[in-house]
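In case you want the letters, here they are:
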Amino acid sequence: MAADEKSKLSDEQIEFQEYARNWLADNAPPPPPVRLPITAIEVMTVEQRDYLQAWQKKCYEAGLVGCDIPKEYGGGGREGCQRIANQEMSRAGVPFLINIIGLSMAVPTILVHGTEEQKKKFIPPALSGEEIWCQGFSEPGAGSDMANQQTFAEKRGDEWIVNGHKVWTSLGHFAKWMILIARTSRDHKYDGLSYFLCPIAGHEGVTVRPLVKMTGETGFNEVLFQDAVVHDSLRLDEVGKGWTVAMTTLTYERGASEGAGSGGGEKVHPIQHLIQLAKSTKRESGTAADDPVIRDRIVQQAIVSEAMRQSQRRARVEALCDHPMRIPLQGKVTVTEFIQDNARLGVDIAGAASTLYKLDPNAPDAGHWPLAYMNSYGNTIAAGTNEIQRNILGERVLGMAKSK
Ligand SMILES: Cc1cc2nc3c(=O)[nH]c(=O)nc-3n(C[C@H](O)[C@H](O)[C@H](O)COP(=O)(O)OP(=O)(O)OC[C@H]3O[C@@H](n4cnc5c(N)ncnc54)[C@H](O)[C@@H]3O)c2cc1C
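Just so it is clear, the model here is predicted, and its values are computed rather than measured.

Caption draft 1: The overall build of the protein chain, seen in detail. Each helix and strand in the protein chain was counted, giving 12 helices and 8 strands. The C-alpha atoms of the protein chain give a radius of gyration of 22 Å, which matches the 22 Å a tight globule of 404 residues would have. Projected onto its principal axes, the C-alpha coordinates of the protein chain cover approximately 75 × 50 × 50 Å. Taking all 404 residues of the protein chain together, 39% fall into the buried category. Considering only contacts in the protein chain between residues 6 or more positions apart, those separated by 24 or more positions represent 70%.

Written out as C-alpha cells, the structure reads:
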C-alpha cells in the first residue's frame, strides 16, 4: 500500500494491517499435498477442499475473515478492515479462501435481507469455511436473461416443493447450501421470483452432476431438483422479492464491496511473473525479454495494471464516484480482460513450450500459463458476461439509449 493511501487509514486500520501482515508472515500454510487450482471455482478434489477449508478456518480464527461483520454473527466487528485483510492475503501469496461464494455473496446478502435467526445460523459457519455455499442462479435458458427462471417452488403448508435445473454451479459438488432463485408465480416475470437458502449436500431430491471443462477440471456442475423440500424458514425476504434480493447478491458478486473475505489467489504483481517468464525463456539469441515486441506488450499490461489500481483508489473517494455502480462494473470488465490478456501474453512468451501442460515436468511455471489462458475465458462470462456489463454501464451509468 502506497504511503499516501496508508496515511488515510485510521489508527485501528494501521494496527490491523500490521497485525495481518505479521500473522501471515508467521503462519504461512504448509505446502499443499496436491496441486491447487488457480481459483476457488475450480476446486475439484476432496484433498484440495480439505486443505483449503483448513486454511480458511485458520484465517478466520486469526480474524482475517469476516473482519467487518458484526460480532454477534461471528465476525470481527471492525470497520473497513476486510479490504486490508484481502490485500494482505494477496500480497503474501497465500492460498485463496475456498468459500468464495459464501463470503462474497451469501453472507452479504443474508446480512441485508435475512432474519436475526438466519444471520446467526448461516453466517458463522460460512465465515469459518465449515459450510460451503454455491449459487443457483443460472439455468439452461436463464443466463444473461436471469429473470427467465423456470425452476419452480410450489408452496405446500410450511414447505416449498422445488423442481428445476440449475447449471454452471461452481462448488456445487462440495456445497452444503445454495443461494437459490426460483419462480413462485408464473403470473409475473420479476415479482414471481423468490430467494431461498437451499440445502444441497445429501438433501433428498437434489442431484449434483459435475461438468468437465476443456482444462479437464470439474469445478462447476449442473444441479437438478426433483420434488426437493425446502422449509419456509429458509426463504430469504418476502415471497416475490427474489429479484430484489438477487440484485443485492449481484452487486456484491460484481465487486461493489469487499464482502466478508476474498484474499489470496491472484498475485498482486502478475506483471513480475511475466517479466520473470520472459527472462527465463530462451530465444535464438538471448531471451524473450530482449524482444522489443514482448517488452512493449509487458509495458502495456503494466500500464493497465496501474490504471486499475488507481481506479480502485478512486472508488474510495466519494466525491469521485458519481454513480455507485460505475467503478465496480468497469472494474469487472477491465480486471477480467486484463487477466485474459496477461494469460495470453504468458502463452505467447513461452511459445511452443506453452503447449506443455500441467503434468509435464518441462512445462514453464508448472503449466500455469495454458491453464490460466483457458480458464481466463470463464472470467469474462461469470458474474454476468462483459457484454451485459457494458450494456448496463451504457444504459444505467452513462444514460445511453436502451439496447434491444
Ligand atoms: C467460470 C464460470 C463460473 C460460473 N459460476 C456460476 C455459479 O456458480 N452459479 C451460477 O448461477 N452461474 C454461474 N455461471 C454462469 C454465468 O453466470 C452465465 O454463464 C452468464 O450469466 C451467461 O449466461 P449464459 O451462459 O446462459 O450465456 P447467454 O446468456 O446465453 O449469452 C450468450 C452470449 O450472448 C451474449 N448476450 C446475451 N444477451 C445479450 C445482450 N442483451 N446484449 C449483448 N450480448 C448479449 C452474451 O454476452 C454471451 O456472449 C458461471 C459461469 C462461468 C463461466
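Caption draft 2: Region of the structure containing the domain arrangement of the protein chain. Domain assignment breaks the protein chain into domain 1 (3-132), domain 2 (134-253) and domain 3 (270-397). The centre of domain 2, based on its C-alpha atoms, is set 32 Å off from the matching centre of domain 3. Domain 2 puts 5 residues into the contact, and the matching count from domain 3 is 7 residues.

Caption draft 3: A look at the nonpolar core. Counting 71 residues, the largest nonpolar core has Val107, Trp133, Leu171, Ala175, Met178 and Phe196 as its most contacted members. Here the element with the most residues in this core is helix α5 (residues 100-113); it accounts for 8 residues. Looking at this core, you find at least three residues from each of domain 1 (3-132) and domain 2 (134-253). Every residue in contact with Ala175, bar those within four places of it in the chain, is listed here: Ile132, Trp133, Cys134, Ile200 and Ala201. With 15 residues, the next largest nonpolar core counts Ala278, Ile349, Ala372 and Tyr373 among its residues.

Caption draft 4: Representation of the site of the ligand. Gly143, Ser144, Gly378, Thr385 and Glu387 are the nearest of the 21 residues found near the ligand. Partitioned by chemical class, the residues of the shell around the ligand number 8 nonpolar, 12 polar and 1 charged. When residues of the shell around the ligand are assigned to domains, at least three fall in each of domain 2 (134-253) and domain 3 (270-397).

Caption draft 5: Region of the structure containing α5. Under the 1.5 Å per step criterion, the end-to-end length of α5 is 19 Å for 14 residues, consistent within 8% with the ideal 20 Å. Remark: the principal bend of α5, roughly 35 degrees, maps to Ala106, with a proline, Pro108, within the next four residues. Burial analysis of α5 places 12 of its 14 residues in the buried class, the great majority of the element. If you follow the buried residues of α5, they end up packed against α6 (116-128), β1 (133-136), β3 (159-170), β4 (177-183), β8 (235-236) and α7 (242-253).

Caption draft 6: Spatial organisation of the packing of helix α9 (residues 292-315) against helix α10 (residues 326-350). Relative to each other, α9 and α10 sit at 160 degrees, their axes nearing to 10 Å. Here α10 runs roughly antiparallel to α9, going by the angle between their axes. Relative to α10, the crossing made by α9 is left-handed. For the pair formed by α9 and α10, the contact residues are Ile294, Arg297, Gln301, Val304, Ser305, Met308, Ser311, Arg314 and Ala315 on the first element and Ile327, Gln330, Gly331, Thr334, Val335, Phe338, Asp341, Asn342, Leu345 and Ile349 on the second. Residue classes in the contact of α9 with α10 are distributed as 9 nonpolar, 7 polar and 3 charged.

So, how was this worked out
Residues numbered from 1 in each chain as written. Predicted model: local features only at pLDDT ≥ 70, side-chain atom pairs only at ≥ 80, totals over all residues. Helix = DSSP H or I, 4+ residues; strand = E, 2+ residues; numbered from the N terminus. Rg over C-alpha atoms; globule rule 2.2 N^0.38 Å. Buried ≥ 20, exposed ≤ 12 C-beta atoms within 10 Å, placed from the backbone. Contact = placed C-beta atoms within 7 Å. Domains from an automatic or database assignment. Core = buried A, V, L, I, M, F, W, Y, C linked by C-beta atoms within 7 Å. Near = placed C-beta within 6 Å. Nonpolar A, V, L, I, M, F, W, Y, C, P; charged D, E, K, R; others polar. Expected span 1.5 Å × (residues − 1). Bend = angle between axes of the 7 residues up to and from the residue. Axes fitted to C-alpha atoms, helices over the stretch in contact; angles between N-to-C directions. Parallel < 35°, antiparallel > 145°, perpendicular 65-115°, else oblique. Left-handed = near helix turned anticlockwise from the far one by under 90°.

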